[in-house]
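A structural walkthrough
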Amino acid sequence: QVQLVESGGGLVQAGGSLRLSCAASGRTFSVNAMGWFRQAPGKEREFVAAIRRSDDYTYYADSVKGRFTISRDNAKITMYLQMNSLKPEDTAVYYCAAGPSRMMTGPYDYWGQGTQITVSS
């Protein structure tokens, strides 16, 4: 019902910045929350950040507070993740997620294909 496509991944040096985008299409009226998750090799998928559609309330994992900023575009159903002061431990595949729940950490019903973030040093 909802399709999500991530973009903006790539290679960056430690201390640098990247911006991820997630474009939603389909039956997007059902989406009440959108978020970002990441999964590093050998580790479980972990929550990164989320934003609620109704009031733009945001929530962040402790590991990214003060460094990452989540936002959305009202003109399009598009979500962004601005990542600053990147660390090697931020290296992972980042996934866009969306769902009908107003809960910040899930559950999420729709997922993007993922985009690789690699932080060197």
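Now for a look at the structure at hand. On a predicted model such as this, the values are computed, not experimentally measured, just so you know.

Rules behind the numbers
- Residues numbered from 1 in each chain as written.
- Predicted model: local features only at pLDDT ≥ 70, side-chain atom pairs only at ≥ 80, totals over all residues.
- Heavy atoms only, no water.
- Phe/Tyr/Trp six-rings, centres within 6.5 Å; stacked < 30°, edge-to-face > 60°.
- Helix = DSSP H or I, 4+ residues; strand = E, 2+ residues; numbered from the N terminus.
- Buried < 20%, exposed > 50% of the residue type's maximum accessible area, 1.4 Å probe, protein only.
- Lys NZ or Arg CZ within 6 Å of the ring centre and 35° of its normal.

**Some words on the packing of aromatic side chains**
Under the defined criterion, the tally for this structure stands at five aromatic pairs. The interplanar angle of 80 degrees and the centroid separation of 5.6 Å between the aromatic rings of Phe-37 and Tyr-108 together place this pair among those described as edge-to-face. Separated by 71 residues along the polypeptide, Phe-37 in strand β4 (residues 33-39) and Tyr-108 in the loop between β9 (92-99) and β10 (110-111) bring together distant segments of the chain. For Phe-37, a relative accessible area of 6% puts it in the buried group. On the basis of relative accessibility, which here comes to 9%, the residue Tyr-108 falls in the buried class. For the pair Tyr-108 and Trp-111, a centre-to-centre distance of 6.4 Å together with 70 degrees between the ring planes defines the contact as edge-to-face. Of the residues examined, Trp-111 reaches a relative accessible area of 30% and is grouped as partly exposed. Put simply, the rings of Phe-37, Phe-47, Tyr-59, Tyr-108 and Trp-111 touch in pairs and so form one group of aromatic residues. A cation over a ring is seen here: Arg-45 above Phe-37, with NZ or CZ 5.3 Å from the ring centre.

**Remarks on unusual backbone geometry**
The omega angle of the peptide bond from Gly-106 to Pro-107 is 5 degrees, so this bond is cis rather than trans. The topology assignment puts Pro-107 in the loop between β9 and β10. Of note in this structure, Ser-85 is not a glycine but carries a positive phi near 50 degrees. Structurally, the position occupied by Ser-85 is in the loop between β8 (78-83) and β9. Phi at Ser-121 takes a positive value of approximately 75 degrees, unusual for a residue other than glycine.

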